[in-house]
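Notes for the structure review
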Amino acid sequence: IFEDTTSKLTIEDVSKIDDFKKNKKEIINIGFSNSSFWGKFKIKNKSDEKTGFLSFNNYQQNDVRLFQKTKKGWQEKILGDVYSFYKRDVMSKPMVFVIKPQADSIYYLRVKGIISQINLSLSTPIHFVAEQTHEDYILGIFFGLMITMAIYNFLVFVSTRSKSNLLYVGYVIS
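Just so it is clear, the structure is predicted and the values come from calculations on it, not from any experiment.

Across its full length, the protein chain carries 3 helices and 9 strands. Secondary structure elements in the protein chain, listed N-terminal to C-terminal, are β-α-β-β-β-β-β-β-β-β-α-α. Relative to the globule expectation of 16 Å for 174 residues, the C-alpha radius of gyration of the protein chain, 22 Å, shows a markedly less compact shape. Projecting the C-alpha coordinates of the protein chain onto the three principal axes gives extents of approximately 70 × 40 × 30 Å. In the protein chain, buried positions account for 36% of the 174 residues. Long-range contacts, defined here as pairs at least 24 residues apart, represent 70% of the contacts in the protein chain between residues at least 6 apart. Accessible surface for the protein chain amounts to roughly 11,800 Å². Of this, 58% is attributable to carbon and sulfur atoms.

The following block contains the structure:
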């Protein structure tokens, strides 16, 4: 991890820096800061899978940029909650970069926001869809139970005229 306190460094500047702090944590909590934070990592693709999904699992990050060195120079992909959701390559809750890692691919990640956290996961498209489907089922069960509780308490309110049940319905719905 490298902190860019000015937030003005370009990928050309950062790729020449050797002052990255090694981090072995799965989730990197940076906290409140106006700085940009750069991460550098290598992906070794030993599988036959040509396409991968690199998920940035902090859904409220303002600006996330992924850089990969190609023969034509640096390829930049931009995501974040300040950019249109409909311009994403994969329209899902986590911010997903579609990557095509080679045998040894080096990536740079730039994160900027009021509260910064780096939580990355790499998966195949099929595994990603399976994870999202599982998460959708869990959320469906949760919201289904909440709606059921609201309807039940509304029916109890209608039959008893107890204001506490109506207040509870308002609480559950909000």
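On to the side chain of Arg65, then. Tracing the chain through its elements places Arg65 in strand β5 (residues 63-70). For Arg65, the residues in contact, after removing those within four places along its chain, are Glu76, Lys77, Ile78, Tyr83, Phe97, Tyr108, Leu109 and Arg110.

What follows is about the pattern of salt bridges. Across all of its chains, the model carries 4 salt bridges by this definition. Note that Asp63 is salt-bridged to Arg110, the shortest N-O span being 3.0 Å. Taken as a pair, Asp63 in strand β5 and Arg110 in strand β8 (residues 105-112) lie far apart in primary sequence, 47 residues in all. The exposure class assigned to Asp63 is buried, which follows from its relative accessible area of 9%. Across the pair Lys93 and Glu135 runs a salt bridge, and its minimum N-O distance is 2.7 Å. Here Lys93 is found in the loop between β6 (73-79) and β7 (95-99), whereas its partner Glu135 is found in helix α2 (residues 125-160), with 42 residues between them in sequence. Because the salt bridges share partners, they merge into one network encompassing Asp63, Arg65, Glu76 and Arg110.

Turning our eyes to something else, we now look at the pairing of β8. Of all 8 residues that make up β8, 6 are buried, and the element is covered over most of its length. In terms of strand pairing, β5 meets β8 through 6 bridges, oriented antiparallel. Following the sheet pairing, Gln68 is matched in β8 by Tyr107.

A few words now on the packing of aromatic side chains. The relative placement of two aromatic rings is captured by the distance of their centres and the angle of their planes. One pass over the full model with this rule turns up 10 aromatic pairs. Ring plane angle 90° and centroid distance 5.6 Å describe the contact between Phe85 and Tyr86, whose orientation is recorded as edge-to-face. Overall, Tyr86 belongs to the exposed group, its relative accessible area being 66%. Seen in terms of ring centroids, Phe142 and Phe143 are 5.1 Å apart; in terms of plane orientation they differ by 75°. Their pairing is edge-to-face.

Calculation notes
Residues numbered from 1 in each chain as written. Predicted model: local features only at pLDDT ≥ 70, side-chain atom pairs only at ≥ 80, totals over all residues. Heavy atoms only, no water. Helix = DSSP H or I, 4+ residues; strand = E, 2+ residues; numbered from the N terminus. Rg over C-alpha atoms; globule rule 2.2 N^0.38 Å. Buried < 20%, exposed > 50% of the residue type's maximum accessible area, 1.4 Å probe, protein only. Contact = heavy atoms within 4.5 Å. Areas by Shrake-Rupley, 256 points an atom, 1.4 Å probe, with all protein chains shown as cover. Salt bridge = Lys/Arg side-chain N within 4 Å of Asp/Glu carboxyl O. Pairing = 2+ DSSP bridges. Phe/Tyr/Trp six-rings, centres within 6.5 Å; stacked < 30°, edge-to-face > 60°.

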